[in-house]
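Chain by chain, the residues:
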Amino acid sequence: MSFEDFQRYLATVYISPKTGRPLGADASGDYPSRLRRLEKLTGRDVAGAKPVSLRMWADQLGDDPVVVDTLSLEGISDTRVALRRYADYLSLGPEGRRGGARGVQLHDAEAIVAELKGLGFSQVSLQPHVHEMQRASLIIYVKRLTAHQRIVVHPDFELSSSRLCSIPGVVREPQPGFFHDASMQRFPLRQRGDAAPVPYGLDFHVVDAEALRHLVHALDAISTAQEQEQADSPADAPTTETRLLRKARRGQGGFRADLLEYWTGTCPLTGVRIPELLRASHIKPWSRCTDRERLDPFNGLLLAAHFDALFDQGFISFTDEGVLLVAEALGAAEREVFRLAEKLPQLSVNPRHLPYLAHHREHVFLKS
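Conventions we followed
Residues numbered from 1 in each chain as written. Predicted model: local features only at pLDDT ≥ 70, side-chain atom pairs only at ≥ 80, totals over all residues. Heavy atoms only, no water. Buried < 20%, exposed > 50% of the residue type's maximum accessible area, 1.4 Å probe, protein only. Helix = DSSP H or I, 4+ residues; strand = E, 2+ residues; numbered from the N terminus. Pairing = 2+ DSSP bridges. Salt bridge = Lys/Arg side-chain N within 4 Å of Asp/Glu carboxyl O. Core = buried A, V, L, I, M, F, W, Y, C linked by side-chain atoms within 4.5 Å. Contact = heavy atoms within 4.5 Å. 1 Å grid on protein atoms, 1.4 Å probe; cavity = no way out; pocket = protein on both sides within 12 Å on 5 of 7 lines; lining within 4 Å. Points joined across faces, edges and corners; volume = space filled by probe spheres on them. Axes fitted to C-alpha atoms, helices over the stretch in contact; angles between N-to-C directions. Parallel < 35°, antiparallel > 145°, perpendicular 65-115°, else oblique. Arc of directions from axis to C-beta. Expected span 1.5 Å × (residues − 1). Phe/Tyr/Trp six-rings, centres within 6.5 Å; stacked < 30°, edge-to-face > 60°. Lys NZ or Arg CZ within 6 Å of the ring centre and 35° of its normal.

Observations concerning the pairing of strand E3 (residues 138-143)
In terms of residue burial, E3 counts as a mostly covered element, since six of its six residues are buried. Residues Leu138, Ile140 and Val142 line one face of E3 and the alternating positions Ile139, Tyr141 and Lys143 line the opposite face, and both faces are buried. Where strand E2 (residues 130-135) lies against E3, six bridges are found, and the strand directions are antiparallel. Bridge pairing in E3 places Arg135 opposite Leu138. Between E2 and E3, which pair antiparallel one after the other, the connecting turn spans two residues, and Ala136 there sits at a positive phi close to 55°.

Concerning the pattern of salt bridges
Under the criterion given, the structure shown has 18 salt bridges. For Arg36, the salt bridge goes to Glu4, with nearest N and O atoms at 3.1 Å. Of this pair, Arg36 sits in helix H3 (residues 30-42) while Glu4 is found in helix H1 (residues 3-12), placing the two residues 32 residues apart along the sequence. We classify Arg36 as partly exposed; its relative accessible area is 30%. Judged by relative accessible area, Glu4 falls into the partly exposed class, the value being 40%.

Comments concerning the nonpolar core
Grouped together as the largest cluster of nonpolar side chains are 55 residues, with contacts concentrated most on Leu116, Ile140, Ile151 and Leu164. Ranked by residues supplied to this core, first place goes to helix H10 (residues 209-231) with eight residues. Dropping the residues within four chain positions of it, Ile151 is found in contact with Ile112, Ile140, Tyr141, Leu202, Asp203, Phe204, Val206, Leu212 and Leu215.

Some remarks on empty space enclosed by the protein
In the structure shown here, the tally under the stated rule is one cavity of 30 Å³ or more. Approximately 80 Å³ is the volume found for the largest cavity. Around the largest cavity, the lining is made up of ten residues, and of these Pro155, Asp156, Glu158, Gly253 and Arg256 lie nearest the centre. Looking at which element gives the most residues to the lining of the largest cavity, the answer is helix H12 (residues 253-262), with three residues.

Overview of unusual backbone geometry
Unlike most non-glycine residues, Thr264 shows phi in positive territory, near 50°. Relative to the elements of secondary structure, Thr264 occurs in the loop between H12 and strand E9 (278-282). Accessibility expressed as a relative area gives 44% for Thr264, which makes it partly exposed. In this structure, Arg339 is a non-glycine residue whose phi angle is positive, near 60°. Assignment of secondary structure puts Arg339 in the loop between helix H15 (332-337) and helix H16 (354-363). Classification of Arg339 as exposed rests on a relative accessible area of 51%.

Concerning the packing of H3 against helix H6 (residues 73-91)
As a packed pair, H3 and H6 sit with axes 9 Å apart at the nearest point and diverge in direction by 105°. If you check the angle between H3 and H6, you find them roughly perpendicular. Side by side, H3 and H6 meet where Tyr31, Arg34, Leu35 and Leu38 of the first sit next to Asp78, Thr79, Val81, Ala82, Leu83, Arg85 and Tyr86 of the second.

Topic: helix H4 (residues 51-60)
One full turn of an α-helix is made of 3.6 residues, so residues set three or four places apart face in the same direction. Restricting attention to buried positions, one finds in H4 the residues Leu54, Arg55, Trp57 and Ala58. Taken end-on, H4 shows its buried residues confined to a sector of 160°, consistent with a single buried face.

Side note on H6
Along its 19 residues, H6 runs 27 Å from first to last C-alpha, staying within 8% of the 27 Å computed at 1.5 Å per residue. Residues of H6 that are buried include every one of Gly75, Ile76, Thr79, Ala82, Leu83, Arg85, Tyr86, Ala87, Asp88, Tyr89, Leu90 and Ser91, and no others.

Some details on the pairing of strand E1 (residues 122-126)
One ladder, built from four bridges, connects E1 with E2; its direction is antiparallel. Bridge pairing in E2 places Ser122 opposite Gln134. The antiparallel pairing of E1 with E2 creates a hairpin that spans three residues between the two strands.

Some words on the packing of aromatic side chains
Across all of its chains, the model carries ten aromatic pairs by this definition. Note on Tyr262 and Phe298: the rings are 5.6 Å apart at their centroids and 75° apart in plane angle, and the pair reads as edge-to-face. Taken together, the positions of Tyr262 in helix H12 and Phe298 in the loop between helix H13 (291-295) and strand E10 (300-304) put the pair 36 residues apart, joining distant regions of the chain. Three or more aromatic residues joined by ring pairs form one cluster here, namely Phe3, Phe6, Tyr9, Tyr86 and Tyr89. Over the face of the ring belonging to Tyr31 we find Arg34, whose NZ or CZ atom lies 4.9 Å from the ring centre. The side chain of Arg44 reaches across the aromatic face of Trp57, ending 3.8 Å from its centre.

Focus on the environment of Val170
Mapped onto the elements, Val170 comes out in strand E5 (residues 170-171). For Val170, a relative accessible area of 0% gives the class buried. Spatially, the C-alpha atoms of Val170 and Phe204 are 6.9 Å apart, while their sequence positions differ by 34 residues. Apart from residues no more than four positions distant in its own chain, Val170 is found in contact with Arg55, Leu164, Cys165, Phe204, His205, Val206, Ala211 and Leu215.

In structure tokens:
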């Protein structure tokens, strides 16, 4: 795929969310020029990269010293936009790149709502900021006052977000946060700081109607699996507090969302950012906590699955400064497998972590 094809698409097919028209020849030429400059600057292949790689690169562009030293903040921001737009373009099928029927662009909320109705959804309500759409048990909110990340789904889908973003044309900005809006009354509440609890969800961007159809199909499949899992387990107690505690015990719900935001969606030891590989783990064990401690985000760490297992079983712990401690019970072979002999980053410890870390060192860590 060439940058020239990309430029023709922007000039003639792509619909700008700001103007409702294609960018035109002059404006569209600026996008490929940014990408060519980035290729020369970094020596990396932009034209031949996969969409998922381009989106990850866009997210990490500000961490590249060559880019930071050469481009202004505005230039980095513009290049990010170009990378993401090119990733969207590559995610389209051939007909979508030509503006064919299968690639119908959904450039406003009303177009998404119309497409969802065609997929069997009913519009339950129209709120100040969102349309509420429902089909069977699946609820989707469509943001009204934005040109990007319009689709909002239940926050429990966060544990499948990598699978959803692997669908061609489905994009989620690599951000650790969630979308909060009081209008999403069918979604769970989450308290942020001292503010009143607000409903929250996971927001996505869809490139075209085909991407939306595949997204809905995947959400249906995941919902069916979740409902089967719930049917196979004891029913939740009726109180909201009990449901919150139960989800927190599984490292889900608002507790996990709090940890994703605090640790910016990244394991602090490994740099892993894939949600399915991250565990929201309690520092002070669940069985020894009060209900308040069980929901306290400072009683939690966001660790890659293997480090979570080591921490949970007491093979590792941390000092009050965030330095990794390794139990002597862990043999040399295991230390090598887990690369514990290497110098790992320190945790960014808040004073409110300290009582929980002290408890872990005293009662969980396997001392000699």
